[in-house]
Amino acid sequence: MERSSAPQSFLASLPVRELSIAAGLVAAAAIVGLTVGAGYWKTTEYWQTFIFGRVLVFGLTALVLSHILHARRGGPVFVRRIPGLTAVDETVGRATEMGRPITFSLGLGGLDIITLQALAVALHVIRTAIRFGTRVIVTLADSTMYAVADEAVRESYAAAGRPESYNVEDVRFLSDRQFAYASSAMGLILRERVASNYMFGRFFAESLILAEAGNQVGAIQVAGTPIITQIPFFIAACDYTIIGDEYYAATAYLTREPVLSGSLVGQDRSKMFLIAVMGLGVLLATAAMLTGGLPVGEAPSGLGAVLDGFSRLFTEAK
Amino acid sequence: MQFPSLQLAGSEFWIAALLALGVAAGILALVHFANNQVKRAVIVGCAFLAGLFYFLEFFIPPDLKSEEVIVLRWNLTQTGSIIGNAAQVIAGFTFLLGIYNLVHIHGNIIRRLRGGWINSVAFFAAFLAMVVFAFWRDWQNWFDPLYPNYITPGKPEFIDPKGATFASQVADKLWAPLWVNDIVKDHKPRQDVYTLLFEGVYRNMDATMFSILAFYIVSAAYRAFRIRTREAAVLMITAVIVMLGQVPLGQFLTNWIPADGFFHGLRLEEINQFVLGQINSPVQRAIGFGIGLGGLAMALRIWLSLERGSYFEEGS
């Protein structure tokens, strides 16, 4: 996802000071953990069930956090082009030329990071659309999220100096039932004959219903969801689809805020770490197989035992 | 000291309720009337404290026996469920906002007789029917302390479905005739109006919308599989192999290849398993890893209020 703006070695790019703070945090957490669970430290099951998974997640959290802190001191970070997000100008331009509205579906999610990220993208589209006087209709299925979205969209109009242009009917709570929401959003897309249709957030079976409705009216469609099972439907029916962690990179990409881009660097470094762990696991498993360390129906021995211990380090914490 | 449980009674209950209301009203007033800087500080502070609680609740290892996180005799796990209840109460209030939004939009459509106003009339009719009959039927569950006795055999207030004056008893005690609150007897399905609306109308319309998906999958698949690029060709070939590998016809086509011979991997069901298990699953997991790490970074940014400019303009 990221690449430093100026060429420099990997080691030189490491945020040493922040990583030291992160290491200190990990050490402090370890001390707290040992104090709290002092009675169990000799129990292997306790470490495997409650400790190892937490240490891994805490380590990754500290890594991302250290890069966020580092980015506050550093310069801008290059983020590669994400076509779906670059298309915002195109979709708004098309809607402006055609004199038709844009619909933005926030999906079925409640007040969680998935829907908040979708709202951030929606607000960017709305801010662009306000400049051209184009209408954006935001639809949602969660009343808690409705309260947040209504306030944020209203604020966007006020910040653009056009509070009077905000229409209460442009942020719509349709229904909290999945297919009632789908039919309502679908009807809206067809009745308004929208020029562009965005679908960002938590989607399930209704994803394709909405995407096909947009297709029927010839709308440009941009979609993004972290729900892996729905990504193929969006790819089949939409012009642009945001895949995987691109979804969470959206705000960094759209705002170019160094702190947000810094978190992308942290994500990428975390990914490198996980890839290294996987590579090591593959090597260990292969070597254990070749040396007979994984006999069928018997306890692992030799390298097999090492592999067994290694895999236990990455067991999900209870 | 154990964290106080929620089982409060009498004056304790009312004091706690009034205290909670007071705190909530205070925070709301602060957010509403304060200037932007104070408002921002309150929101950032609340977000940080709430995030910190769950951060500690997750990262501090629990007790091996109770599997609950206890720090300095403060049970974080139990407190988490109390906070969860509070969040549900807040969500309940926001539901009223959602209803207001629906009524406002559909009311405007009817008032101005915009195109499709009849649909808005249908909305109001459906909305009122569900609310009235649901409340009329179930109000005892919420407000009548004797209600459990009406449906428990042996209790003096029990309404015996086999009794001679059953219908009049129901009408007297429940203030609702049988067509509104059909007492369940002999495991037969209820036949009151609410059940008719929910099971007979809503459920079927829900299923109808779901069934539309089948047709949309076909049209989306047709567009995706049209061979216009190399990628589309690969997609098409892979899809055909996987589809054939899942059905008996596909397995029949290659069952002449020995199942335990050198070329058994060329049988369609084997290729299908290879594509699903060795190509599709790892790719999905890789995407999942990326999403997980992205979610972690996003959660950190929200917790520490670093999402600058994403929701509200800087300095607003």
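Before any of the text, the structure's been laid out above.
Below: a short report on this structure. (Residues numbered from 1 in each chain as written. Chains lettered and ligands numbered in written order. Predicted model: local features only at pLDDT ≥ 70, side-chain atom pairs only at ≥ 80, totals over all residues. Heavy atoms only, no water.)

A word on the overall build of chain A. A tally of helices and strands in chain A yields 12 helices and 8 strands. Along the longest, intermediate and shortest principal axes, the C-alpha atoms of chain A span 70 × 50 × 40 Å. In chain A, which comprises 318 residues, the share counted as buried stands at 52%. Within chain A, contacts between residues separated by at least 24 positions form 73% of all contacts whose residues are at least 6 apart in sequence. When the accessible area of chain A is evaluated, it comes to approximately 13400 Å², of which 62% is carbon and sulfur surface. (Helix = DSSP H or I, 4+ residues; strand = E, 2+ residues; numbered from the N terminus. Buried < 20%, exposed > 50% of the residue type's maximum accessible area, 1.4 Å probe, protein only. Contact = heavy atoms within 4.5 Å. Areas by Shrake-Rupley, 256 points an atom, 1.4 Å probe, with all protein chains shown as cover.)

Nonpolar side chains in soluble globular proteins tend to end up buried together. All names here are of chain A. Core analysis: the largest hydrophobic core is formed by 52 residues, its most contacted members being L85, F104, L106 and F200. Element by element, the count of residues in this core is highest for helix α5 (residues 113–132), at 12 residues. Core analysis: the next-biggest nonpolar cluster, separate from the first, contains 28 residues, L108, A141, F203 and A219 among them. (Core = buried A, V, L, I, M, F, W, Y, C linked by side-chain atoms within 4.5 Å.)

This part covers the interface of chain B and chain A. On the chain A side, the residues contacting the 60 residues of chain B number 72 residues. When the two sides are added together, the surface that chain B and chain A hide from each other amounts to roughly 6200 Å², 71% of it contributed by carbon and sulfur. When the buried area of chain B at its contact with chain A is split by residue, B:L64, B:Y216 and B:Y311 rank highest and sum to 11% of it. One can count 2 salt bridges joining chain B with chain A. The partner of B:R114 in a salt bridge is A:E169, with the nearest N and O atoms 3.2 Å apart. Those elements giving two or more residues to the side of chain B that touches chain A turn out to be α2 (36–59), α3 (76–111), α7 (193–225) and α10 (268–303) of chain B. Looking at which element gives the most residues to the side of chain B that touches chain A, the answer is α10(B), with 16 residues. (Buried area = accessible area lost by both parts, 1.4 Å probe. Salt bridge = Lys/Arg side-chain N within 4 Å of Asp/Glu carboxyl O.)

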